[in-house]
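This is what each chain is made of:
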Amino acid sequence: MRHRRSGRKLGRDASHRKALYANLTGALIEHGRIRTTAAKAKEVRPVAEQMITLGRRGGVPARRQALKFLRSQDVVHKLFSDVGPRFAERPGGYSRIVRLGPRLGDAAEMVYLELVDYVPPEVSAPAPRPRRERAEEEPAAEEQSEPAAEEEPEPEAEPQPEPA
């Protein structure tokens, strides 16, 4: 029986689960938003918030604790130089889960796990193509399909003399 056993196994052994949490947390810190399943997001959220709390605290011991878990110097640098100071005045609740609906392949509930101050980058719409104005002398669309058979055939090229 699983009485009072917390956490999801997610079909992985303990070391694989710990690596998954570290990778998802690092991706969240690096990108600000990740798309994952609801079960993974619910498990990663407390871990990510703990790492952001370390980033707020600053200092060498907190940096070493974060590096021990995240295993990436670049992610830890971003955590302590960018993400931690952004949440310096916030007393907790650094992330949110936004539901997206079921995944097409297996109907798993998909979510965005994002930092609360995440602003999606604006994707500029492609420039509209200039509209081509029809000339008055162009024939109508029905007439264009039939004249293909009435056109004069191109003259065949003269045969080249074969070298002997």
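Scroll up for the structure.
Now for a description of the structure that goes with this document. Keep in mind that this is a model prediction, so the values were computed, not measured.

Attention shifts here to the packing of helix H2 (residues 38-57) against helix H4 (residues 73-86). Closest axis-to-axis distance for the H2/H4 pair is 8 Å, and the angle between their directions is 95°. The orientation of H2 relative to H4 falls into the category roughly perpendicular. Taken together, the residues of H4 that come into contact with H2 (itself represented by Met-51, Ile-52, Leu-54, Gly-55 and Arg-56) are Leu-79, Phe-80, Val-83 and Gly-84. Grouping the amino acids of the contact of H2 with H4 by side-chain chemistry returns 6 nonpolar, 2 polar and 1 charged.

This part takes up the pattern of salt bridges. Pairing is possible between side chains of opposite charge, provided their charged atoms come close. Scanning all chains against the criterion turns up 7 salt bridges. A salt bridge links Asp-82 to Arg-86; the shortest N-O distance between them is 3.3 Å. One end of the pair, Asp-82, and the other, Arg-86, are both in helix H4, 4 residues apart, so they sit about a helical turn from each other. Residue class for Asp-82 comes out partly exposed when judged on its relative accessible area of 28%. One salt bridge connects Glu-114 with Arg-96, and the closest N-O pair in it is separated by 2.8 Å. One end of the pair, Glu-114, is in strand E3 (residues 109-115); the other, Arg-96, is in strand E2 (residues 95-102), and 18 residues separate them in sequence. Relative accessible area serves as the criterion here: at 32%, Arg-96 is assigned to the partly exposed category.

Further remarks concern the packing of aromatic side chains. Counted by the stated rule, this structure contains 1 aromatic pair. When the ring of Phe-87 is compared with that of Tyr-94, the centres are 5.3 Å apart and the planes differ by 55°; the resulting orientation is tilted. For the pair formed by Phe-87 and Tyr-94, the shared burial category is buried. Lying across the ring of Tyr-112, Arg-33 places its NZ or CZ 3.9 Å from the centre.

For helix H1 (residues 14-31), which comprises 18 residues, the first-to-last C-alpha distance of 26 Å matches the rise-based estimate of 26 Å (1.5 Å per residue) to within 8%. Arg-17, Leu-20, Tyr-21, Ala-22, Leu-24, Thr-25, Gly-26, Leu-28 and Ile-29 are the residues of H1 that are buried. Gly-32 sits one or two positions beyond H1 and adopts a positive phi of about 90°.

The next subject is the pairing of E3. For a regular strand, side chains alternate in direction, first toward one face of the sheet and then toward the other. Of all the 7 residues making up E3, 5 are buried; the element is thus mostly covered by neighbouring parts of the structure. Taken together, the 5 bridges between strand E1 (residues 33-37) and E3 define a ladder with antiparallel strand orientation. Bridge pairing in E3 places Arg-35 opposite Tyr-112. Examined bridge by bridge, E2 and E3 share 7 bridges and lie antiparallel to one another. Bridge pairing links Arg-96 to Glu-114 in E3. Hairpin connection, E2 to E3: the antiparallel pair is bridged by 6 residues, and Ala-107 has positive phi, about 65°.

About the cut-offs
- Residues numbered from 1 in each chain as written.
- Predicted model: local features only at pLDDT ≥ 70, side-chain atom pairs only at ≥ 80, totals over all residues.
- Heavy atoms only, no water.
- Axes fitted to C-alpha atoms, helices over the stretch in contact; angles between N-to-C directions.
- Helix = DSSP H or I, 4+ residues; strand = E, 2+ residues; numbered from the N terminus.
- Parallel < 35°, antiparallel > 145°, perpendicular 65-115°, else oblique.
- Contact = heavy atoms within 4.5 Å.
- Nonpolar A, V, L, I, M, F, W, Y, C, P; charged D, E, K, R; others polar.
- Salt bridge = Lys/Arg side-chain N within 4 Å of Asp/Glu carboxyl O.
- Buried < 20%, exposed > 50% of the residue type's maximum accessible area, 1.4 Å probe, protein only.
- Phe/Tyr/Trp six-rings, centres within 6.5 Å; stacked < 30°, edge-to-face > 60°.
- Lys NZ or Arg CZ within 6 Å of the ring centre and 35° of its normal.
- Expected span 1.5 Å × (residues − 1).
- Pairing = 2+ DSSP bridges.

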